[in-house]
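The lines below spell out each chain.
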Amino acid sequence: MATVMVMAMTTGCNAKNTSTESQAAAEKKYVIGVSMDLDDSAYWQVMKDGLEAKAKEYGNVELKYLVAQSDSNTQNQQIESFISQGVNAIICTAYDSKAILSAVTAANEANIPFIWCDREIISTDTAKVAYGAGTDNYALTKGGADWLVKYARD
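Let me begin by describing the structure that accompanies this report. Worth saying up front: this structure is predicted, and the values here are computed from it rather than measured. (Residues numbered from 1 in each chain as written. Predicted model: local features only at pLDDT ≥ 70, side-chain atom pairs only at ≥ 80, totals over all residues. Heavy atoms only, no water.)

### Concerning the sheet that holds strand β5 (residues 131-133)
Filter applied, for reference: Between any two strands, pairing holds if DSSP finds at least two bridges. Working definition: helices are DSSP H or I runs of at least four residues, strands are E runs of at least two. Numbering for both runs from the N terminus. Interaxial angles span 0 to 180 degrees and are taken between N-to-C directions of axes, which are lines fitted to C-alpha atoms, for helices over the stretch in contact. Two residues qualify as a contact provided that any one of their heavy atoms is within 4.5 Å of a heavy atom in the partner residue.
Strand order in the open sheet made by the five strands is β2-β1-β3-β4-β5, with parallel pairing throughout. Looking at which strands have only one partner, the edges of the open sheet turn out to be β2 (61-67) and β5. Averaged over all neighbouring strand pairs, the angle between strand axes comes to 20 degrees, with direction disregarded. Sheet analysis places strand β1 (residues 30-36) next to strand β3 (residues 89-92), joined by four bridges and oriented parallel. From the neighbouring strand, V34 faces β3, where its bridge partner is I91. Across the sheet, helix α3 (residues 42-58) lies against β1, β2, β3 and β4 (114-117), angled at about 160 degrees from β2, the strand it touches most.

See the structure below:
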């Protein structure tokens, strides 16, 4: 998931793909603001590690992390901070998918792509999400249950 998000941010902003433009894109430095609800579990640490590994692989991507500690007002303020810093993109694990829409709108107005991570944010007429990447918890749970039943039978 981290690979897809960083690739979308560093390649998706350029519709043309001539060799000169590709070289310029490779030399450009990208700053991506990452707004996390929490970072208190192994899952979020693995997500962060994946983003950092992909950014390091690209070499021209800097990640700025802020953690909202399950506070939608704090998260909106942090995203406003990313916007005022002029980041190239924002990746967000929203605490509240409705409360974050004002931050999505502000990012849109600043022409900064907004990507949701793991927790879907549904675009509205005034708040357009550029991309999203998440897990299918139903499929994961079903797969785990199927494995458990097979294991028990065996």
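There's more to say after this.
### A word on the pairing of β1
What counts is decided by this rule: Only protein chains enter the accessibility calculation, which uses a 1.4 Å probe; a residue is then buried when its area is under 20% of its type maximum, exposed when over 50%, and partly exposed in between. The definition of a right-handed crossover adopted here requires that, viewed with the strands pointing away, the path from the first strand over the helix to the second runs clockwise.
Along β1, seven of the seven residues are buried, which leaves the element largely enclosed by surrounding structure. Judged by which residues are buried, β1 turns out to be covered on both faces: Y30, I32, V34 and M36 on one side and V31, G33 and S35 on the other are all buried. In this structure, β1 lies alongside β2, joined through seven bridges in parallel fashion. Pairing of G33 across the sheet is with K64, part of β2. The β-α-β motif built from β1, the intervening α3 and the parallel element β2 has right-handed crossover chirality.

### Some points on the pattern of salt bridges
When the charged atoms of two side chains with opposite charge come close together, those side chains can pair. Our working definition: In what follows, salt bridge is the name for a side-chain nitrogen of Lys or Arg lying within 4 Å of a carboxyl oxygen of Asp or Glu.
For the structure on display, the rule yields five salt bridges. The residue D146 makes a salt bridge to K142 at a minimum N-O spacing of 3.0 Å. With D146 and K142 both in helix α6 (residues 137-153) and four residues apart, this pair spans about one turn of that helix. Judged by its relative accessible area of 43%, D146 is partly exposed. Looking at K142, the relative accessible area reads 42%, which means it is partly exposed. Ionic pairing is found between K150 and D154, a salt bridge with its closest N-O pair at 2.9 Å. Each member of the pair, K150 together with D154, is exposed.

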